[in-house]
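Observations on chain architecture
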Amino acid sequence: MSEDKTDAFRQGALDYHEFPKPGKLEIRATKPLANGRDLARAYSPGVAEACTEIAATPSEAVRYTARGNLVAVVTNGTAVLGLGNIGALASKPVMEGKAVLFKKFANVDCFDIEVNEPDPYKLAEIVCALEPTFGAINLEDIKAPDCFIVEKICRERMGIPVFHDDQHGTAIVVGAAATNALHLAEKKFEDIKVVSTGGGAAGIACLNMLLKLGVKRENVWLCDIHGLVYQGREEDMNPQKADYAQASALRTLDDVIKGADLFLGLSGPGVLTTGMVAKMAKRPIVFALANPTPEILPDQVREAAPDAIIATGRSDFPNQVNNVLCFPFIFRGALDVGATEINDAMQIGCVEGIAALARATTSAEAAAAYKGEQLTFGADYLIPKPFDPRLIGVVAASVAKAAMDSGVAARPLDDLVAYKEKLNQSVFRSALVMRPVFEAASTATRKIVFSEGEDERVLRAAQAMLEDTTDTPTLIGRPEVVQMRIERAGLTIRPDRDFDLINPESDSRYRDYWQTYLDKMQRKGVTPDLARAILRTNSTAIGAVAVHRGEADSLICGTFGQYLWHLNYVTQLLAHDGLHPVGALSLVILEDGPLFIADTHIHAVPTPEQIAETVIGAARHVGRFGIAPRIALCSSSQFGNLDNDSGRRMRAALEILDGMDLDFCYEGEMHADAALDPDLRDRNFPGSRLDGAANALVFSSTDAASATRNILKMKANGLEVGPILMGMGNKAHIVTPSITARGLLNISALAGTPVHHYG
């Protein structure tokens, strides 16, 4: 990195910590404190009730306090990664960062505690005294061998999990990476020779983990700054190193590296040379984990052994051994079952969960977070990326199961599958809202055709459909492009085996398709030549023809291009027998629940009849999500206070609706704030028939609806499901270019559910 870039990075990092307010953490209340009644319950006298319950039954603290989801990150700053013994105060930014990672990746609350106490026995006393406050303890950046002492005392005396992440977190991720590296190298733990450099807390813990996974102690050769750890050596020894002492006359790393299958480095830069790598076994595994400069750089390893499998501790090389893959999720699982400790079974469960996830198909969310990187299981992808949202479900559930199986869970779970689903819902916000739709979709098998089959988001959605639903995808795209993008994305789906492929350039169905299109459109100005051209170049038209001919049940299009352009071809071919575009309904999932918005795309300025139709369609589709519709007709006029165009159209629509025998709740015309705030609405219009806050807003123009939808997405962190094309009998849905692969999966589940399920 150039000097200018280094300076810019340094200043950027300092600004990140200073602005807009110092540090990376703050405390927020989880209960309202808006009036005297709230105060009386939060503090005196109401707080005494919770205190009394806990005094009588200590385990009730989990019900009435935050303790069950609260972890302490404790350090004395004597071994801060890459910085050494910088002291407790200087280590605080690191510990705050650790707390942020707990919250971000596993929704675990965390306090960082920096203690000015170098004596390990006194430090252990302090940590043990914290037990009433926390559900678990994460020890961090305490030098060896003091860290062994502190952890041992705390584990023996405390009834909550105590985990030294520098030891066990590193060991778990190394164990997962080694599991998959050996899988690729076609070797077994019990057969390999391991040479390790370091001898500190992390190094010893990694070796202990490798033994738990099957490595034989006699096959482990540990070296430190003084050379081989051998029997009889007295210099710089401790009981942990002595456990790995070899009865050998060899003395140097160069002496012992010959024939090694795995090099494990947790030492310093330049320790391993290319000459040493050349002496290792075939398909050597080199984990050079020193930070910021590894024991040997990956390019140097490949110079000596082109087929080597390599991991480092750095993010700018493949296979970064990063503790964040482990610690948030092992604590999540431990806290959720009330584990009294984090034992070997839980750690191995964590290893197996991380390793298995890397071997699975890469998630679309991880691919989006790491654009440009190859995320396909192999030598350059041994372990998942930290932003893979599946980690919490896979790893925490594995840990929870291991805790229950090994008998250390004070609050065992009744349903592990439901627990995993709940974890996934915490990162996939659409999962809970979409559950009724997926359940309904599972009762029917439908064929879904995607017009933009070459798009990676579509390919990932197709793979997810095959894994999560009973529907069958058909993709429109050029075979060579589809295959290339499937391989680039690391997907396992294949044409003909897993999905049907329509090739717009050369397909046996081409003649039938263009003639079908001509039959529909020849009295609307379409000539045979134009029909042939459209069915060679227009994938939306191709997909609509497939649905029209009964070769697919529903079309999904719109990942690029303008909505109304796609709608034109959908309408040409599929708007018949009473079907016609009624409106576009978007579900926006907000922090406090779902909100439906209509009409976002179809009728720029709808008539009263079109508004009424949109309201009825919205009610029907809201019901598909298992939600009772409460629909507000929104306008700049509120209950007749303005005689303007939108007010008149909304009032006319209300009259139409009132003349029908409808069994759902609706009201209008009103402002959006009145729709969402019952108290405000009651002040302006007492006795409104709308009960509570509206969950669906129908606007008097697409401008208003689309603007509301986009503002909620961008400024309120709203997650969109849709748009849902109403009125077309589920034969087509037109998405927008901003849609994600998960969004496509959600819309495919909607498309995969026959409308009569909600009739």
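Just so it is clear, the structure is predicted and the values come from calculations on it, not from any experiment.

A separate point is the pattern of salt bridges. Applying the stated criterion across every chain yields a total of 38 salt bridges. The partner of R509 in a salt bridge is D500, and the shortest N-O contact between them spans 2.9 Å. The residue E720 makes a salt bridge to R709 at a minimum N-O spacing of 2.7 Å. Here the residue E720 occupies a position in strand β20 (residues 719-726), and R709 occupies one in helix α30 (residues 702-715), the gap between them amounting to eleven residues. Side by side, E720 and R709 carry an identical accessibility label, which is buried. Counted as one network, the salt bridges with shared partners bring together D224, R233, D236 and K241.

Right, let's get into the sheet that holds strand β5 (residues 194-197). Sheets are built from strands paired through backbone hydrogen bonds, the pairs being either parallel or antiparallel. In space, the six strands of this open sheet follow the order β7-β6-β5-β8-β9-β10, with mixed pairing throughout. Two strands in the sheet have a free side with no partner beyond their single neighbour: β7 (227-228) and β10 (309-312). Direction of pairing for β5 relative to strand β6 (residues 220-224): parallel, over a ladder of four bridges. Bridged to V194 within β6 is V220. Each of β8 (262-265), β9 (285-288) and β10 is contacted by helix α8 (residues 165-185), which is oriented at about 160° to β9, the strand it contacts most.

Moving on: the packing of aromatic side chains. Taken as a whole and assessed by the stated rule, the structure comprises eight aromatic pairs. By way of ring pairs, the aromatic residues F102, F163, F327 and F331 are connected into one cluster. A cation over a ring is seen here: R217 above Y244, with NZ or CZ 5.0 Å from the ring centre. Positioned above the aromatic ring of Y510 is the side chain of R536, whose terminal nitrogen or guanidinium carbon lies 3.6 Å from the ring centre.

Contact geometry for helix α26 (residues 608-623) and helix α27 (residues 645-658): axes closest at 8 Å, N-to-C directions at 60°. When the axes of α26 and α27 are compared, the pair comes out oblique. As for the relative orientation of α26 and α27, their crossing is right-handed in sense. Across from P608, E609, I611, A612, V615 and I616 in α26, the residues of α27 making contact are R649, M650, A652, A653, I656 and L657. Its residues assigned to classes, the contact of α26 with α27 shows ten nonpolar, no polar and two charged.

This part takes up helix α14 (residues 327-336). For α14, a buried count of nine out of ten residues is recorded, marking the element as mostly surrounded by other parts of the structure. Taken together, the buried positions of α14 are F327, P328, F329, I330, F331, R332, G333, A334 and L335. In the stretch just after α14, G338 is the one whose phi turns positive, near 65°.

For the rest of this paragraph, the subject is the packing of α8 against helix α9 (residues 201-212). For any two helices packed against each other, the geometry is given by the interaxial angle and the distance between the axes. The contact between α8 and α9 brings their axes to 8 Å, and the two run at 45°. Our classification of the angle between α8 and α9 gives oblique. Crossing angle aside, the handedness with which α8 passes α9 is right-handed. For the pair formed by α8 and α9, the contact residues are D166, Q167, H168, T170, A171, I172, V174, G175 and A178 on the first element and A201, A202, A205, C206, M209 and L210 on the second.

Counting buried positions over the five residues of strand β17 (residues 630-634) gives four, a clear majority of the element. For β17 and strand β18 (residues 665-670), the ladder comprises five bridges, and the chain directions are parallel. Of the residues in β18, the one forming a bridge with A632 is E667. Relative to strand β19 (residues 696-699), β17 runs parallel, the two sharing four bridges. Within the sheet, the bridge partner assigned to I631 lies in β19 and is A696.

Turning to the sheet that holds strand β21 (residues 732-734), a few remarks are in order. With parallel pairing, the five strands of this open sheet are ordered in space as β13-β12-β11-β14-β21. Each edge of the open sheet is held by one strand with a lone partner, namely β13 (500-502) and β21. If you compare each strand with its neighbour and ignore which way they point, the axes differ by 20° on average. In the packing of helix α24 (residues 539-548) onto the sheet, contacts are made with β11 (447-450), β12 (472-476), β13 and β14 (554-557), and the angle to β14 comes to roughly 170°.

A few words now on the confidence of the model for the protein. Per-residue confidence for the protein averages 90 on the pLDDT scale, and 96% of its residues sit at or above 70. Per-element confidence in the protein ranges from a low mean pLDDT of 60 for helix α16 (residues 364-369) to a high of 97 for helix α6 (residues 120-128).

Of all the eight residues making up strand β15 (residues 583-590), eight are buried; the element is thus mostly covered by neighbouring parts of the structure. The alternating pattern of β15 places G583, L585, L587 and I589 and A584, S586, V588 and L590 on opposite faces, both of which are buried. Pairing of β15 with β20 involves six bridges; the strand directions are antiparallel. Note that in β20 the partner of A584 across the bridge is L725. Pairing of β15 with strand β16 (residues 593-598), which is carried by five bridges, proceeds in the antiparallel orientation. Among the inter-strand pairings, L590 is bridged to a residue of β16, identified as G593.

Criteria and cut-off values
Residues numbered from 1 in each chain as written. Predicted model: local features only at pLDDT ≥ 70, side-chain atom pairs only at ≥ 80, totals over all residues. Heavy atoms only, no water. Salt bridge = Lys/Arg side-chain N within 4 Å of Asp/Glu carboxyl O. Helix = DSSP H or I, 4+ residues; strand = E, 2+ residues; numbered from the N terminus. Buried < 20%, exposed > 50% of the residue type's maximum accessible area, 1.4 Å probe, protein only. Pairing = 2+ DSSP bridges. Contact = heavy atoms within 4.5 Å. Axes fitted to C-alpha atoms, helices over the stretch in contact; angles between N-to-C directions. Phe/Tyr/Trp six-rings, centres within 6.5 Å; stacked < 30°, edge-to-face > 60°. Lys NZ or Arg CZ within 6 Å of the ring centre and 35° of its normal. Parallel < 35°, antiparallel > 145°, perpendicular 65-115°, else oblique. Left-handed = near helix turned anticlockwise from the far one by under 90°. Nonpolar A, V, L, I, M, F, W, Y, C, P; charged D, E, K, R; others polar. pLDDT = per-residue confidence, 0-100.

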